[in-house]
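# Examining the three-dimensional arrangement
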Amino acid sequence: MTAQDIIENLRRVKENIAAAARRAGRSPEEIKLVTVTKTVDIERIKTVFEAGCRDFGENRVQELVKKQPLLPQAAWHFIGHLQRNKIRNVAGRVALIHSLDRWSLAEDLDRWAHLHNRVLHVLVQVNVAGEETKFGVAPGEVEDFVAALGDLKGLAVDGLMTIAPYVDNPEEVRPVFRELRSISVKLSRYPFFTQKYLSMGMTNDYTVAIEEGANILRIGSAIFGSRSY
Ligand SMILES: *Cc1c(COP(=O)(O)O)cnc(C)c1O
């Protein structure tokens, strides 16, 4: 991928976002693109930064720690499973943690926040499809989970996140996105749950996610090409 290719990919992704938003009667401006930069080197990240991207997502602590200081003016998002002993490497570096997936992590994040006199912005990750291989709170447990978060004053609960199963036809995961949205609506009766963000939609399924109400998309390979690990 040359820098030119990446910029062209980005342009196409933004066009698709705008088209899907129009189809859904929504404004493209209300949809935040988080460019997922895992395995992507800093040069290519700077290419898309210069092309206007301001939000970047990493799912590995090690990569976040390496890259965030090289581009501190961007908003970094943590989107992966977070081990409790890595909290100190993540909490101070990111604008939003998308992957609050269990109670022990919530407690430790809250403890970090109080210790540093900060409020941490988080999304609750929901395993809507119940996949064994994925992390996330079960749909049937998310209401109790969120209700309990009200006691953790160090956390600002800004919404929900899900990772849909990988399928060839993204229409198949439309119900997953719809379900996340309906859970979010249900949770709106908790005053500390702001229902600000629905983080859903990746390369394979983001246009469907937009039609179902996503306002944060996490897109990597559609912009940078497929990843080689
Ligand atoms: C890698 C990753 C993405 C982006 O995936 P693409 O299919 O490359 O767009 C989004 N969300 C999470 C949590 C990821 O780990």
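The following refers to the structure shown. Remember, predicted model here, so these are calculated numbers, not experimental data.

Definitions and limits used
- Residues numbered from 1 in each chain as written.
- Predicted model: local features only at pLDDT ≥ 70, side-chain atom pairs only at ≥ 80, totals over all residues.
- Heavy atoms only, no water.
- Buried < 20%, exposed > 50% of the residue type's maximum accessible area, 1.4 Å probe, protein only.
- Helix = DSSP H or I, 4+ residues; strand = E, 2+ residues; numbered from the N terminus.
- Salt bridge = Lys/Arg side-chain N within 4 Å of Asp/Glu carboxyl O.
- Pairing = 2+ DSSP bridges.
- Near = heavy atom within 4 Å.
- Polar contact = N/O pair within 3.5 Å; in protein donor to acceptor, adjacent residues only side chain to side chain.
- Areas by Shrake-Rupley, 256 points an atom, 1.4 Å probe, with all protein chains shown as cover.
- Nonpolar A, V, L, I, M, F, W, Y, C, P; charged D, E, K, R; others polar.
- Core = buried A, V, L, I, M, F, W, Y, C linked by side-chain atoms within 4.5 Å.
- Contact = heavy atoms within 4.5 Å.
- Phe/Tyr/Trp six-rings, centres within 6.5 Å; stacked < 30°, edge-to-face > 60°.
- Lys NZ or Arg CZ within 6 Å of the ring centre and 35° of its normal.
- Axes fitted to C-alpha atoms, helices over the stretch in contact; angles between N-to-C directions.
- Parallel < 35°, antiparallel > 145°, perpendicular 65-115°, else oblique.
- Left-handed = near helix turned anticlockwise from the far one by under 90°.

Unusually for a residue other than glycine, Thr 39 sits at a positive phi of about 70 degrees. Residue Thr 39 is classed as partly exposed on the basis of its relative accessible area of 28%. Of note, the phi angle at Gln 195 is positive, near 55 degrees, even though the residue is not glycine. Along the polypeptide, Gln 195 turns up in strand E7 (residues 193–199). Assessed through its relative accessible area of 33%, Gln 195 is described here as partly exposed.

Throughout the structure, instances matching the rule amount to 18 salt bridges. Notably, a salt bridge pairs Glu 131 with Lys 134, separated by 2.5 Å at the nearest N-O pair. Glu 131 gets classed as partly exposed once you look at its relative accessible area, which sits at 21%. Residue Arg 174 pairs with Glu 171 through a salt bridge whose shortest N-O separation is 2.7 Å.

Once that is clear, we can look at the pairing of strand E8 (residues 216–219). For a regular strand, side-chain orientation follows a simple rule: the groups alternate between the two sheet faces. Side-chain alternation along E8 places Ile 216 and Arg 218 on one buried face and Leu 217 and Ile 219 on a second face that is also buried. Bridge count between strand E1 (residues 32–36) and E8: four bridges; the pairing is parallel. Counterpart to Thr 35 in the pairing with E8 is Ile 219.

The next point concerns the site of the ligand. Close to the ligand lie Val 36, Lys 38, Asn 59, Ile 79, Ile 163, Met 202, Thr 203, Arg 218, Ile 219, Gly 220, Ser 221 and Arg 227, which account for all nearby residues. For the ligand, a nitrogen atom lies 2.8 Å from a polar atom in the side chain of Arg 218. Within the side chain of Arg 227, one N or O atom sits 2.8 Å away from an oxygen atom of the ligand. When the ligand is considered free in solution it has 390 Å² of accessible area, and contact with the protein chains removes 91% of it. Its residues assigned to classes, the shell around the ligand comprises five nonpolar, four polar and three charged.

Here the focus is the nonpolar core. Formed by 68 residues in total, the largest nonpolar core has its most connected members in Leu 100, Leu 109 and Val 124. Broken down by element, this core gets its largest block of residues, six residues, from helix H1 (residues 3–23). Excluding residues that lie within four positions of it along the chain, Leu 100 makes contacts with Leu 105, Ala 106, Leu 109, Val 122, Leu 123, Val 124, Gln 125, Phe 145, Leu 149 and Leu 155. Residues Val 34, Leu 123, Met 161 and Tyr 197 belong to the second largest nonpolar core, which totals six residues.

With that settled, the discussion passes to the packing of aromatic side chains. On inspection of all chains with the given rule, the structure shows three aromatic pairs. Geometrically, the ring pair formed by Tyr 190 and Phe 192 is tilted, given 5.9 Å between the ring centres and 45 degrees between the ring planes. On the basis of relative accessible area, Tyr 190 is assigned to the buried category, the value being 14%. The ring of Phe 49 is capped by Arg 54, whose NZ or CZ atom sits 3.8 Å from the centre of that ring.

Our next topic: the packing of H1 against helix H2 (residues 42–50). Their axes nearest at 10 Å, the elements H1 and H2 cross at an angle of 45 degrees. The pairing of H1 with H2 is recorded here as oblique in orientation. For the crossing formed where H1 meets H2, the hand is right-handed. Of the residues in H2, those in contact with Ala 3, Ile 6, Ile 7 and Leu 10 of H1 are Arg 44, Thr 47 and Val 48. Residue composition of the contact of H1 with H2, grouped by class: five nonpolar, one polar and one charged.

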